[in-house]
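Remarks on the overall topology
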Amino acid sequence: MERFISTCEQETRDIAKNFAKTLSEGSVVALIGDLGAGKTAFTKGVAEFFDVDDDVSSPTFTIVNEYNGKKTVYHFDAYRLENVKTDDCDWLDDYFFGNGICLVEWAQNIEDILPNGYFKVEIKKDPSKGDDYREIFIEKTEK
Ligand SMILES: Nc1ncnc2c1ncn2[C@@H]1O[C@H](COP(=O)(O)OP(=O)(O)O)[C@@H](O)[C@H]1O
Ligand SMILES: [Mg+2]
């Protein structure tokens with residue numbers, strides 16, 4: 001597990017951009033953190049690494065956004081997928097076992113259906129250290 005400290009949004013994007021070097025076709029990144037933690041900011045950094053031109057924002061009304069850069073990047077928001085049955089998620093497998101790079105906000109809601117060996121990125125605030133302070137933990141799961 002790697003641990004990073006970020007003290008502003010740009011730093012989170014830079015950490016993500018650097019992390020993106022380790023991604024390849026079919027990689028899945030689970031983004032865990034409260035509202036406003038920086039999951040979308042992190043996604044922006046990854047998208048930047050892949051030279052995505054599209055605007056990156058939480059796909060709150062669509063579940064998934066597709067961005068096209070050097071590689072195809074799929075950006076999910078699983079916030080409203082809480083309590084969905086695994087059977088109802090077959091359509092997601094096409095993404096998670098496909099060739100694009102998948103980033104999933106609120107991934108804990110669909111952890112059961114993530115493929116083995118996904119990257120888990122946890123972003124934590126610490127109010128005692130200021131509004132902009134974030135701890136970012138990155139690990140590749142074995143699941
Ligand atoms: N260190 C930091 N890393 C990421 N975002 C930060 C940081 N400090 C402040 N922010 C702000 O927090 C907010 C994070 O928003 P966003 O990335 O949309 O969060 P989420 O997708 O997790 O809800 C942005 O307004 C951003 O400018
Ligand atoms: Mg978001």
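Higher on the page you've got the structure.
Quick summary incoming for the structure in this document. None of these values were measured; they are calculated from a predicted model.

The immediate surroundings of ligand 1 are formed by 16 residues, with E9, T12, G36, K39 and D132 found nearest. G36 places a polar main-chain atom, nitrogen or oxygen, 2.8 Å from an oxygen atom of ligand 1. Within the contact set of ligand 1, a nitrogen atom lies 2.8 Å away from a backbone nitrogen or oxygen of D132. Its free accessible area being 570 Å², ligand 1 has 75% of it covered by the protein chains. Listed by contribution, the elements that provide at least two residues to the shell around ligand 1 are helix 1 (9-19) and helix 2 (39-49).

Around the magnesium ion (ligand 2), the donor atoms from the protein are T40 (OG1), S58 (OG) and E105 (OE), and they sit 2.2 Å away. Each donor residue of the magnesium ion (ligand 2) lies on the same chain, and together they follow the pattern T-x17-S-x46-E. Note that T40 is positioned in helix 2 and E105 in strand 5 (residues 101-105), a separation of 65 residues in sequence.

Pairing is mixed in the open sheet, where seven strands are placed in the order 1-7-6-2-5-4-3. Unpaired on one side and paired on the other, strand 1 (2-6) and strand 3 (64-68) mark the two borders of the sheet. For this sheet the average axis-to-axis angle between neighbouring strands, irrespective of direction, equals 20 degrees. The sheet contact formed by strand 4 (residues 72-77) and strand 5 spans five bridges and is parallel. The residue bridging H75 from the neighbouring strand is L103, located in strand 5. Each of strand 1, strand 2 (28-32), strand 6 (119-125) and strand 7 (134-140) touches helix 1; the most contacted strand, strand 1, lies at about 150 degrees to it. Sitting on the sheet, helix 2 is in contact with strand 2, strand 4, strand 5, strand 6 and strand 7, with an inclination near 165 degrees to strand 5.

Turning our attention to the environment of V52. Position of V52 relative to the elements: it lies in the loop between helix 2 and strand 3. For the pair V52 and Y67, spaced 15 residues apart in the sequence, the C-alpha separation amounts to 6.3 Å. Those residues in contact with V52, other than ones at most four positions away along the chain, are A47, Y67, N68, G69 and V73.

For the rest of this paragraph, the subject is the pattern of salt bridges. Scanning the entire structure with this criterion turns up seven salt bridges. R13 is paired through a salt bridge with E9; the nearest N and O atoms lie 3.7 Å apart. Taken together, the positions of R13 and E9, both in helix 1 and four residues apart, correspond to about one turn of that helix. Between K71 and E25 there is a salt bridge whose closest N-O contact spans 3.5 Å. Linking K71 in the loop between strand 3 and strand 4 with E25 in the loop between helix 1 and strand 2, this pair joins segments that are 46 residues apart in sequence. Looking at K71, the relative accessible area reads 27%, which means it is partly exposed. Of the residues examined, E25 reaches a relative accessible area of 51% and is grouped as exposed. The structure contains a network of salt bridges with shared partners spanning E9, R13, K17 and E48.

About the criteria used
Residues numbered from 1 in each chain as written. Chains lettered and ligands numbered in written order. Predicted model: local features only at pLDDT ≥ 70, side-chain atom pairs only at ≥ 80, totals over all residues. Heavy atoms only, no water. Near = heavy atom within 4 Å. Polar contact = N/O pair within 3.5 Å; in protein donor to acceptor, adjacent residues only side chain to side chain. Areas by Shrake-Rupley, 256 points an atom, 1.4 Å probe, with all protein chains shown as cover. Helix = DSSP H or I, 4+ residues; strand = E, 2+ residues; numbered from the N terminus. Donors = N, O, S within 2.8 Å, 3.2 Å for Na, K, Ca; no water. Pairing = 2+ DSSP bridges. Axes fitted to C-alpha atoms, helices over the stretch in contact; angles between N-to-C directions. Contact = heavy atoms within 4.5 Å. Salt bridge = Lys/Arg side-chain N within 4 Å of Asp/Glu carboxyl O. Buried < 20%, exposed > 50% of the residue type's maximum accessible area, 1.4 Å probe, protein only.

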